Amino acid sequence: MTTLPLIPDNLPLALAQVQQRIAQATAQAGRAPDAVRLLAVSKTFPAEAVAQAAAAGQRAFGENYVQEGVAKIETLREQGYTDLEWHCIGPLQSRKTAQVAAHFDWLHSLSRLDIAERLSRQRPPDLPPLQICLQVNMDGGANKSGIAPEQALELAQAVCKLPHLQLRGLMSIPEPYDDPQQTLAVHRATRTLFDDLGAQLALPQWNTLSMGMSHDLELAIAAGSTMVRVGSAIFGARG
């Protein structure tokens, strides 16, 4: 039987500490105070943990597993949390696209045109466009999802033509390097690609660079991240 991770007693304090880390890193990078958004990654943690974070003011939540995420979305909405923003950040299989299209606000991990086409067809017409980030495998990790950097422009141009989707930027996950400078170099390379694509695509909504997690958010912010995906530093260790 799977054991759910324990919800920390000091979750609001942990959330505030992460927010302070983001504020300090943003200031050190000479960026505007509101330049970086926090995405609280609640995968494997129960809806109760999300509710605690929401009660403390957090509004954007990331889920890796579609069915688990949908269950939390429905539970939280039943509890009156109707203003939360839900991001799917894990690899997406074709058989799960309808659930993402119907329930989530964002997808960070798009790396295939056929998935984008399915999402566009399945997005309910009464919902706003699904916000999309392309996942790029910047350092070529063999066990990591994402397209190669040189493929990003072609996929981005194709996604831009699909109704019911709105392309917003890139997402990346560096390999777990021991040397922080290697991690920083990957983040900087992603930022360069982001800027290059932005210049070629000329999209007014091209403004999201999703990179950085609990262990490297400062490095990501220094390199230009606009959204950090933080789980364990808020919710605690996973089982």
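Residues numbered from 1 in each chain as written. Predicted model: local features only at pLDDT ≥ 70, side-chain atom pairs only at ≥ 80, totals over all residues. Heavy atoms only, no water.

A. Quick peek at the environment of P46. If you trace the backbone, P46 turns up in the loop between β1 (37–41) and α2 (47–55). Assessed through its relative accessible area of 22%, P46 is described here as partly exposed. Residues P46 and A14, spaced 32 residues apart in sequence, show a C-alpha to C-alpha distance of 17 Å. (Helix = DSSP H or I, 4+ residues; strand = E, 2+ residues; numbered from the N terminus. Buried < 20%, exposed > 50% of the residue type's maximum accessible area, 1.4 Å probe, protein only.)

B. Fine view of the layout of surface pockets. Counted as a void, the largest pocket has a volume near 440 Å³. Lining the largest pocket are 20 residues, and of these K43, N64, I89, I173 and M213 lie nearest its centre. What the second largest pocket holds in volume is close to 150 Å³. Lining the second largest pocket are R77, E85, A102, H103, F104, D105, W106, R123, L127, P128, P129 and Q131. (1 Å grid on protein atoms, 1.4 Å probe; cavity = no way out; pocket = protein on both sides within 12 Å on 5 of 7 lines; lining within 4 Å. Points joined across faces, edges and corners; volume = space filled by probe spheres on them.)

C. Broad picture of unusual backbone geometry. Positive phi is not limited to glycine here, since T44 has a value of about 75°. Positioned with a positive phi, A202 is a non-glycine residue whose angle comes to about 55°. Relative to the assigned elements, A202 resides in the loop between α7 (180–201) and β7 (208–210). For A202, a relative accessible area of 59% translates into the label exposed.

Distances and angles like these do not, on their own, reveal function.
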